[in-house]
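Architecture and fold: a report
Here is how the chains run, residue by residue.
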Amino acid sequence: MSLAWSDALSLDLPLMDDTHREFVDLLAAVERAPDADLLRAWLRLIVHTETHFGQEDRWMQSTRYGVFNCHSMQHRVVLDAMREGAARGAAGALPLMRQMAAELGPWFIQHAQSMDAALALHLRSVGYDPLTGEPPRSASPGRRPTAAG
Ligand SMILES: [Fe+2]
Ligand SMILES: [Fe+2]
């Protein structure tokens, strides 16, 4: 397997960590899959990744994190490559899909420990709740609610 879950991947943001564990499991399922099941396993990984990356992209947008950010761009590039892999795999290029799967593991470790780690830190620092999508707490703690008249 090119990737296994470890504490080094934990980013202290439960929803993100759960999503990343799922990515690890689905990638392992791809790498374990016999040829007959490889495309199906790869497509399951793509469906997960659409949700996984889309969720992080939304969190970044909701908190105005990195307007011109390369994190979302990297998501797009990787997802496009995975979809291309599926198209080529459907046409019989199974070794290509296996090679992409083997490269995804090291890529994910690097991505999680840099871009996702920075995003998790940012979300915690602004008080954003990924579960509820609650906006960041006010940046002006001195503001008081208006008295009802
Ligand atoms: Fe992620
Ligand atoms: Fe990410």
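A short tour of the structure in this document, coming up.

Considerations on the coordination of the iron ion (ligand 1)
- Coordination sphere of the iron ion (ligand 1), protein contribution only: His20 (NE2), His52 (NE2), Glu56 (OE) and Asp116 (OD), at 1.9 to 2.3 Å.
- Metal-centred angles of 84 to 152° between the four donor atoms at the iron ion (ligand 1) mark the site as irregular.
- Spacing between the donor residues of the iron ion (ligand 1) along the chain follows H-x31-H-x3-E-x59-D.
- Between the iron ion (ligand 1) and the iron ion (ligand 2), the interatomic distance is 3.5 Å, and glutamate 56 donates to each metal, bridging them. Placement of the pair is histidine 20 in helix 1 (residues 14–32) and glutamate 56 in helix 2 (residues 35–62), with a sequence separation of 36 residues.

Section: the coordination of the iron ion (ligand 2)
- In the first shell of the iron ion (ligand 2), the protein supplies Glu56 (OE), His71 (NE2), His75 (NE2), His111 (NE2) and Asp116 (OD), at 2.0 to 2.2 Å from the metal.
- Sequence spacing of the donors to the iron ion (ligand 2): E-x14-H-x3-H-x35-H-x4-D.

Examining the nonpolar core
- If you look at the biggest cluster of nonpolar residues, it comprises 25 residues, and the most contacted ones within it are Trp42, Leu45, Met82, Leu104 and Phe108.
- When contributions to this core are tallied by element, the ones reaching two or more residues are helix 1, helix 2, helix 3 (70–90) and helix 4 (94–126).
- Apart from residues no more than four positions distant in its own chain, tryptophan 42 is found in contact with Val30, Met82, Gly85, Ala86, Met97, Met100, Ala101 and Leu104.
- If you look at the next biggest cluster of nonpolar residues, it comprises nine residues, including Trp59, Met60, Leu123 and Tyr128.

A closer look at helix 4
- A maximum bend of about 40° is found in helix 4 at alanine 112.
- With its phi angle positive at about 75°, glycine 127 sits one or two positions after the end of helix 4.

Focus on the packing of helix 2 against helix 3
- Two numbers describe how helix 2 lies on helix 3: the axes approach to 10 Å, and their chain directions differ by 165°. Between helix 2 and helix 3, the angle falls in the class roughly antiparallel. Judged by the twist between their axes, the crossing of helix 2 over helix 3 is left-handed. Across the interface between the two elements, Leu39, Trp42, Leu43, Leu45, Ile46, Thr49, Glu50, Phe53, Glu56, Asp57 and Met60 of helix 2 pack against His71, Ser72, His75, Val78, Leu79, Met82, Arg83, Gly85, Ala86 and Ala90 of helix 3.
- The class makeup of the residues in the contact of helix 2 with helix 3 is twelve nonpolar, five polar and four charged.

What to know about the environment of leucine 79
- In this structure, leucine 79 sits in helix 3.
- According to the relative accessible area criterion, leucine 79 is buried, its value standing at 10%.
- Each C-alpha atom, one on leucine 79 and one on glutamate 50, is 7.3 Å from the other, the two residues being 29 residues apart in sequence.
- Those residues in contact with leucine 79 that lie beyond four places of it in its chain are Ile46, Thr49, Glu50 and Phe53.

Remarks on the environment of arginine 124
- As for its position among the elements, arginine 124 is in helix 4.
- In the structure, arginine 124 is positioned 112 residues away from aspartate 12 in sequence and 9.2 Å away in space, judged by C-alpha atoms.

Criteria and thresholds
- Residues numbered from 1 in each chain as written.
- Chains lettered and ligands numbered in written order.
- Predicted model: local features only at pLDDT ≥ 70, side-chain atom pairs only at ≥ 80, totals over all residues.
- Heavy atoms only, no water.
- Donors = N, O, S within 2.8 Å, 3.2 Å for Na, K, Ca; no water.
- Tetrahedral: all angles 85-135°; square planar, octahedral: opposite > 155°, others 65-115°.
- Helix = DSSP H or I, 4+ residues; strand = E, 2+ residues; numbered from the N terminus.
- Core = buried A, V, L, I, M, F, W, Y, C linked by side-chain atoms within 4.5 Å.
- Buried < 20%, exposed > 50% of the residue type's maximum accessible area, 1.4 Å probe, protein only.
- Contact = heavy atoms within 4.5 Å.
- Bend = angle between axes of the 7 residues up to and from the residue.
- Axes fitted to C-alpha atoms, helices over the stretch in contact; angles between N-to-C directions.
- Parallel < 35°, antiparallel > 145°, perpendicular 65-115°, else oblique.
- Left-handed = near helix turned anticlockwise from the far one by under 90°.
- Nonpolar A, V, L, I, M, F, W, Y, C, P; charged D, E, K, R; others polar.

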